[in-house]
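Reading the structure
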Amino acid sequence: MSLQNFWRIPLAAALLALLTACAHPIGISPLETPVRNEAGLNPKKVAYVMTEADRAKEVITPGGGGDKVSYFPYRDLEKSIRDALRAVYSDVFVVKSASDREAIASFGVSYVFSPAITTTTSSPSPFTWPPTKFDIDLTCEVSDAEGKPVTSVKTQGKGTAEFAEFKSDFGLSGRRAAAQLSEQLKQQVLADPKLR
């Protein structure tokens, strides 16, 4: 093997690794969220937990064509969570921890929602990288103002998009999933007698 050919193999492998390691950034903020009807709100005040560290969590999952996509699920889905709770309760606050008693007491909060988010993405397309399927699983552990467990709320959002649709919105399947998630969260909270 010549010296020139000797260097081609590792260089080609390094280039392939670099190309496959790149992830395309997308946004998955919801297309729409539940409408807030002031007349029908529960008078209680609630909070959800979200920190700057949560908002900065980046996730990389599969796209199409062997590519990957990157996004920030907590940052992008915060609106889904907040607006779902705002469609149920009179006031919604954000706290840095479910054990932040000082903030919880100052807001007069009855329940604290601590979200955990997982996502999966896929696309059968060998030619386009945006995901055509996007699933979001959300679990909110709910505690009272003293930190005692109240209930657990689990919900899902599923979104799909085809190539003709996402030409100008590469995160469309995720944004559809986020919208469904927000509505489902609202419905799950309304249906739980422990959260009335």
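Note that the structure is predicted; figures quoted are calculated from it, not measured. (Residues numbered from 1 in each chain as written. Predicted model: local features only at pLDDT ≥ 70, side-chain atom pairs only at ≥ 80, totals over all residues. Heavy atoms only, no water.)

Describing the environment of Gly-159
Assignment of secondary structure puts Gly-159 in strand 8 (residues 149–160). You can call Gly-159 buried: its relative accessible area is 3%. For the pair Gly-159 and Asp-135, spaced 24 residues apart in sequence, the C-alpha separation works out to 6.5 Å. If near-sequence neighbours (up to four positions away) are discounted, Gly-159 is found in contact with Thr-132, Lys-133, Phe-134, Ser-173, Arg-176 and Ala-177. (Helix = DSSP H or I, 4+ residues; strand = E, 2+ residues; numbered from the N terminus. Buried < 20%, exposed > 50% of the residue type's maximum accessible area, 1.4 Å probe, protein only. Contact = heavy atoms within 4.5 Å.)

Digging into the sheet that holds strand 4 (residues 68–71)
The mixed open sheet is built from 3 strands, whose spatial order is 1-4-3. At either margin of the open sheet sits one strand with a lone partner, and together these are strand 1 (23–25) and strand 3 (59–62). Strand-to-strand twist across the sheet, computed as the mean angle between neighbouring axes with direction ignored, equals 35 degrees. Looking at chain direction, strand 1 and strand 4 are connected through 3 bridges and run parallel. Bridging across to strand 4, Ala-23 finds its partner in Lys-68. (Pairing = 2+ DSSP bridges. Axes fitted to C-alpha atoms, helices over the stretch in contact; angles between N-to-C directions.)

A closer look at helix 3 (residues 73–86)
Here helix 3 is 14 residues long and its end C-alpha atoms lie 20 Å apart, about the 20 Å a rise of 1.5 Å per residue gives. When the local axis directions of helix 3 are compared, the greatest deviation, roughly 25 degrees, occurs at Lys-79. In terms of burial, helix 3 is a largely internal element, 10 of the 14 residues being buried. Within the span of helix 3, buried status applies to Pro-73, Tyr-74, Asp-76, Leu-77, Glu-78, Ser-80, Ile-81, Asp-83, Ala-84 and Leu-85. (Expected span 1.5 Å × (residues − 1). Bend = angle between axes of the 7 residues up to and from the residue.)

What to know about the packing of aromatic side chains
Counted under the stated rule, the structure contains 6 aromatic pairs. Judged by centre distance (6.5 Å) and plane angle (55 degrees), the rings of Tyr-89 and Phe-113 are tilted. Here Phe-113 lies in strand 6 (residues 111–122) and Tyr-89 lies in strand 5 (residues 89–95), a separation of 24 residues in the sequence. Judged on exposure class, the residue Tyr-89 and its partner Phe-113 are both buried. With centroids separated by 5.9 Å and ring planes inclined at 90 degrees, the aromatic side chains of Phe-163 and Phe-166 adopt a geometry described as edge-to-face. (Phe/Tyr/Trp six-rings, centres within 6.5 Å; stacked < 30°, edge-to-face > 60°.)

Interpretation in functional terms is not warranted from these geometric data alone.
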